Amino acid sequence: MRILFLCLGNICRSPAAEGVFRSLAARADFPAEADSAGTGNWHVGAPPYGPMQVAARARGYDLSGLRARQITRDDFHRFDLILAMDGQNLRDAANLTPEGARARVEKFLTGQGGASDVPDPYYTRDFDTSLDIIETGVRDLLARLQRAQ
Ligand code: 4NP
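The rules behind each value
- Residues numbered from 1 in each chain as written.
- Predicted model: local features only at pLDDT ≥ 70, side-chain atom pairs only at ≥ 80, totals over all residues.
- Heavy atoms only, no water.
- Pairing = 2+ DSSP bridges.
- Helix = DSSP H or I, 4+ residues; strand = E, 2+ residues; numbered from the N terminus.
- Axes fitted to C-alpha atoms, helices over the stretch in contact; angles between N-to-C directions.
- Contact = heavy atoms within 4.5 Å.
- UniProt positions renumbered as here; feature names shortened; annotations may be inferred.
- Salt bridge = Lys/Arg side-chain N within 4 Å of Asp/Glu carboxyl O.
- Buried < 20%, exposed > 50% of the residue type's maximum accessible area, 1.4 Å probe, protein only.
- Polar contact = N/O pair within 3.5 Å; in protein donor to acceptor, adjacent residues only side chain to side chain.
- Expected span 1.5 Å × (residues − 1).

S.K.: Sorry, what's going on with the sheet that holds strand β4 (residues 104-107) here?
M.R.: The strands making up a sheet associate through backbone hydrogen bonding, with each pair oriented either parallel or antiparallel. An order of β2-β1-β3-β4 is seen for the 4 strands of this open sheet, with the pairing classed as parallel. Each edge of the open sheet is held by one strand with a lone partner, namely β2 (33-38) and β4. For this sheet, the mean angle separating the axes of adjacent strands, direction not counted, is 25 degrees. Both strand β1 (residues 2-7) and β2 contribute to a ladder of 6 bridges, which runs parallel. The residue of β2 that forms the bridge with Ile 3 is Ala 34. Most of the contacts of helix α1 (residues 13-27) go to β1, to which it runs at about 150 degrees, and overall it touches β1 and β2.

What follows is the structure, given as structure tokens:
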């Protein structure tokens, strides 16, 4: 199972989701590959945003080795699942989806019992609330993937 987490800049939400997923999947012994990307190209090559790295590190997630990249058409053939952090990311991904894509493109959050968008902490400045939502979302995702295994 190959999963790509997608947001706008690939410096806050999707690298955090990638780091949390890698950590929780390893702890659960769930065999999956994770990566992340952005729909935009402003931060290509940059590490995750400093305040997000600090907030994640406080919870035991080291995001320092990640580097931002922009989603490519090839990603739709390489990944099984592309998970969008918000509705705009989902619409942008839908518009990029090539013919014969392998990946299912969905929202990261199912919306059950709450919002289906991960608030962008680059704008809200509330990194902990976004991380709370991302941790809950990753646990839900892992539970769904394990049931489908
Ligand atoms: P992200 O947050 O999509 O969660 O990485 C953003 C980071 C930077 C920008 C937008 C969103 N920006 O426009 O620079």
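Here the narrative resumes.
S.K.: Any chance you could explain the UniProt feature "domain: Phosphotyrosine protein phosphatase I" (unreviewed entry) in the protein chain here in plain terms?
M.R.: The residues that UniProt annotates with the feature "domain: Phosphotyrosine protein phosphatase I" (unreviewed entry) are residues 1-144. For residues 1-144, the helix share is 41%, the strand share is 14%, and the end-to-end C-alpha distance is 13 Å.

S.K.: Would you mind showing me how to read the pattern of salt bridges here?
M.R.: Side-chain pairing between opposite charges can occur once the charged atoms of the two side chains come close. A full pass over the atoms with the stated rule returns 13 salt bridges. Notably, a salt bridge pairs Glu 18 with Arg 22, separated by 2.8 Å at the nearest N-O pair. Of the two residues, Glu 18 and Arg 22 are both situated in helix α1; the distance of 4 residues between them amounts to about one turn of the helix. Judged by its relative accessible area of 44%, Arg 22 falls in the partly exposed class. Glu 135 is the salt-bridge partner of Arg 59, the closest N and O atoms lying 2.8 Å from each other.

S.K.: When you look at the environment of Glu 135 in this model, what are you seeing that I'm missing?
M.R.: The topology assignment puts Glu 135 in helix α6 (residues 127-148). Residue Glu 135 is classed as buried on the basis of its relative accessible area, which comes to 12%. The spacing of Glu 135 and Met 85 is 50 residues in sequence and 13 Å in space, taken between C-alpha atoms. A polar contact is formed between the side chain of Glu 135 and the side chain of Arg 59, at a distance of 2.8 Å. A polar side-chain atom of Glu 135 sits 2.6 Å from a polar atom in the side chain of Tyr 61.

S.K.: Sorry, what's going on with α6 here?
M.R.: Turn by turn, an α-helix covers 3.6 residues, leaving residues three or four places apart pointing in a common direction. Helix length check: α6 (22 residues) gives 31 Å between terminal C-alpha atoms against 32 Å at 1.5 Å per residue, within 8%. Where α6 is buried, its residues contact β1, α1, α2 (50-57), β3 (81-84) and α5 (121-124).

S.K.: Even after reading the chapter, I still don't get unusual backbone geometry, so can you show me in this structure?
M.R.: Both trends apply: most residues other than glycine have a negative phi, and most peptide bonds are in trans. Of note in the backbone geometry, Asn 10 takes a positive phi value of approximately 60 degrees without being a glycine. By the secondary structure assignment, Asn 10 is in the loop between β1 and α1. Look at Asn 10 and you get buried, because its relative accessible area is 3%. A positive phi angle, near 65 degrees, is found at Arg 125, a position not held by glycine. Note on placement: Arg 125 falls in the loop between α5 and α6. We classify Arg 125 as partly exposed; its relative accessible area is 44%.

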